[in-house]
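# Secondary and tertiary structure notes
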Amino acid sequence: MSAFESWHYLLVLAACVVVTLPLELAGARVYRRPRRLAFALAPAALFLVWDLAAISAGVWAIEPRYTLGVRLAPGLPLEEALFFVTIPVCALLTFETVRRFRIGRRSFGRRSFGRRS
């Protein structure tokens, strides 16, 4: 096993963050709205519990060679818990950016016919 393999899962999550973080800086405003962010992460908590139950029941397992070996619960690697935070945040950043782009584009394409004074 190479040393790189144990960083595989964490590096993929880091790549997701690196790719989407500029979207926040470009105006997605996800991190500046903690309530909305909490709503986006709430379902992830349910999936984390489901994941823990499935791992405990032996339904699936996370390949240990692709993780650092830090466990938050029996069978639950740190990277798996981070997955349930990282992916919803990256998805929300992407959604907000596309939504802002579409709204801006729609406004740009319309002609404003105001009342004449």
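Located above this text is the structure these notes cover.
My aim in this report is to walk through the structure given alongside it, one point at a time. Because the structure is a prediction, the values reported are computed rather than measured.

For the rest of this paragraph, the subject is helix α1 (residues 8–28). Note that an α-helix has 3.6 residues per turn; residues three or four places apart therefore point the same way. The end-to-end C-alpha separation of α1 is 28 Å, in line with the 30 Å expected for 21 residues at 1.5 Å each. At threonine 20, α1 is deflected by roughly 30°, the largest bend along its length, and proline proline 22 occurs up to four residues later in sequence. Among all positions of α1, only Tyr9, Leu13, Thr20, Glu24, Gly27 and Ala28 are buried. At the C-terminal side of α1, arginine 29 shows a positive phi close to 55°.

Examined against the element boundaries, glutamate 24 turns out to sit in helix α1. When near neighbours in sequence (up to four residues on either side) are disregarded, glutamate 24 contacts Arg29, Val30, Tyr31, Arg32 and Leu93.

To continue, consider the environment of serine 56. Secondary-structure assignment places serine 56 in helix α2 (residues 34–57). Residue serine 56 is classed as exposed on the basis of its relative accessible area, which comes to 63%. Each C-alpha atom, one on serine 56 and one on proline 74, is 7.5 Å from the other, the two residues being 18 residues apart in sequence.

Once that is clear, we can look at the packing of aromatic side chains. Overall, the coordinates contain 2 aromatic pairs when judged by the stated rule. Between phenylalanine 47 and tryptophan 50 the ring centres are 5.6 Å apart and the planes differ by 25°, which places this aromatic pair in the stacked class. Of this pair, phenylalanine 47 and tryptophan 50 both sit in helix α2, separated by 3 residues, roughly a single helical turn. Ring centres 5.3 Å apart and planes at 85° place the aromatic pair phenylalanine 83 and phenylalanine 84 in the edge-to-face group. Overall, the relative accessible area of 31% leaves phenylalanine 83 in the partly exposed class.

This part covers the pattern of salt bridges. Two side chains with opposite charge may pair up if their charged atoms get near one another. One pass over the structure, following the stated rule, counts 4 salt bridges. A salt bridge links arginine 32 to glutamate 24; its shortest N-O distance comes to 3.3 Å. Residue glutamate 24 is classed as buried on the basis of its relative accessible area of 5%. Its salt-bridge partner being arginine 33, residue glutamate 96 comes within 3.3 Å of it at the nearest N-O pair. Here arginine 33 lies in the loop between α1 and α2 and glutamate 96 lies in helix α3 (residues 78–109), a separation of 63 residues in the sequence. Residue arginine 33 is classed as partly exposed on the basis of its relative accessible area of 24%. Here the salt bridges do not stand alone but share partners, grouping Arg33, Arg36, Glu96 and Arg99 into one network.

What counts and what doesn't
- Along every chain, residues carry numbers that run from 1 in the direction the sequence is written.
- Reporting in this predicted model follows two pLDDT cut-offs: at least 70 for local features of residues, and 80 or more for side-chain atom pairs to be given and counted; totals over whole chains, interfaces and linings ignore these cut-offs and use all residues.
- Only hydrogens and water are set aside when side-chain values are computed; all heavy atoms of the structure are taken into account.
- The helix and strand labels rest on DSSP assignments: H or I over at least four residues marks a helix, E over at least two residues marks a strand, and numbering proceeds from the N terminus.
- The span one expects for a helix is its residue count, reduced by one, times 1.5 Å.
- Note that the bend at a residue is defined as the angle between axes fitted to the seven residues ending at it and the seven residues starting at it.
- Partly exposed residues are those whose accessible area sits between 20% and 50% of the maximum for their type, while under 20% is buried and over 50% is exposed, using a 1.4 Å probe and protein chains only.
- Contacts between residues were defined by any pair of non-hydrogen atoms, one from each residue, lying within 4.5 Å.
- Centres within 6.5 Å make a pair out of two Phe, Tyr or Trp rings, where for Trp the six-membered ring is used; the pair is then stacked when the planes are under 30 degrees apart, edge-to-face when over 60, and tilted otherwise.
- By salt bridge we mean one thing: a side-chain nitrogen of Lys or Arg within 4 Å of a carboxyl oxygen of Asp or Glu.

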